[in-house]
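# Notes for the structure review
Chain by chain, the residues run as shown.
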Amino acid sequence: MRDNADKFNCKKCTFGHHCDDDMLWPESIGPSTNTLIEIQRDGFELKSKTCLLPKITDRTNNFFKLYKHYSKGVLLVAGGLYDQPAIYIEAMDIIGN
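Residues numbered from 1 in each chain as written. Predicted model: local features only at pLDDT ≥ 70, side-chain atom pairs only at ≥ 80, totals over all residues. Heavy atoms only, no water.

## Observations regarding the overall build of the chain
- For the chain, the helix and strand inventory stands at two helices and two strands.
- Mapped from its N terminus to its C terminus, the chain presents α and β elements in the order β-β-α-α.
- For 97 residues, the compact-globule formula gives about 13 Å, and the C-alpha radius of gyration of the chain, at 16 Å, lies well above that figure.
- Considering only C-alpha atoms, the chain reaches an extent of 50 × 30 × 20 Å along its principal axes.
- A buried classification covers 21% of the 97 residues belonging to the chain.
- Considering only contacts in the chain between residues 6 or more positions apart, those separated by 24 or more positions represent 34%. (Helix = DSSP H or I, 4+ residues; strand = E, 2+ residues; numbered from the N terminus. Rg over C-alpha atoms; globule rule 2.2 N^0.38 Å. Buried < 20%, exposed > 50% of the residue type's maximum accessible area, 1.4 Å probe, protein only. Contact = heavy atoms within 4.5 Å.)

Put into structure tokens, the structure is as follows:
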């Protein structure tokens, strides 16, 4: 999603409104019969018949926002890399790869 943010805009949906399995997301028509999204990275593979946007929590979204600062060298808390919370460092590694 980070690499293709323009595709994850509900107003410009390119996935046919296959938002979620339960059709709880506004305008969702349920899962597609075909794979909509396929991600392969560093041995990890994800195939989804629904959009990934509804799966993003507020916490995850905040980590995406923090990554912009992290990539510019601005850390979450004062100090160096070893002063940062482990969950923060792990999230930045996942987003960065």
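Don't stop here, the text continues.
## Focus on the pairing of strand S1 (residues 37-41)
- Across five bridges, the pairing between S1 and strand S2 (residues 44-48) is antiparallel. Following the sheet pairing, Glu-38 is matched in S2 by Lys-47.
- A loop of two residues connects S1 with S2, the two strands running antiparallel in sequence, and Asp-42 in this loop sits at a positive phi of about 50°. (Pairing = 2+ DSSP bridges.)

## Observations regarding the confidence of the model for the chain
- The pLDDT averaged across the chain works out to 88; a share of 93% of its residues lies at or above 70.
- Per-element averaging of pLDDT across the chain places S1 at the bottom with 86 and helix H2 (residues 86-96) at the top with 92. (pLDDT = per-residue confidence, 0-100.)

## Considerations on the packing of helix H1 (residues 58-70) against H2
- It is the contact of H1 with H2, at a shortest axis distance of 10 Å, that shows an interaxial angle of 80°. Between H1 and H2, the crossing angle belongs to the class labelled roughly perpendicular. Listed contacts from H2 to Arg-59, Phe-63, Phe-64, Leu-66, Tyr-67 and Tyr-70 of H1 are Ile-87, Tyr-88, Ala-91, Met-92, Asp-93, Ile-95 and Gly-96.
- Across the contact of H1 with H2, the residue classes tally to 10 nonpolar, one polar and two charged. (Axes fitted to C-alpha atoms, helices over the stretch in contact; angles between N-to-C directions. Parallel < 35°, antiparallel > 145°, perpendicular 65-115°, else oblique. Nonpolar A, V, L, I, M, F, W, Y, C, P; charged D, E, K, R; others polar.)

## Quick word on the environment of Pro-31
- As for its position among the elements, Pro-31 is in the segment before S1.
- Residues Pro-31 and Lys-49, spaced 18 residues apart in sequence, show a C-alpha to C-alpha distance of 5.4 Å.
- The residues touching Pro-31, leaving out its near neighbours within four places in the chain, are His-18, Asp-20, Asp-21, Lys-49 and Thr-50.

## Quick word on unusual backbone geometry
- Although it is not a glycine, His-17 sits at a positive phi angle of roughly 60°.
- Mapped onto the elements of the fold, His-17 is located in the segment before S1.
- By relative accessible area, which is 23% here, His-17 ends up partly exposed.

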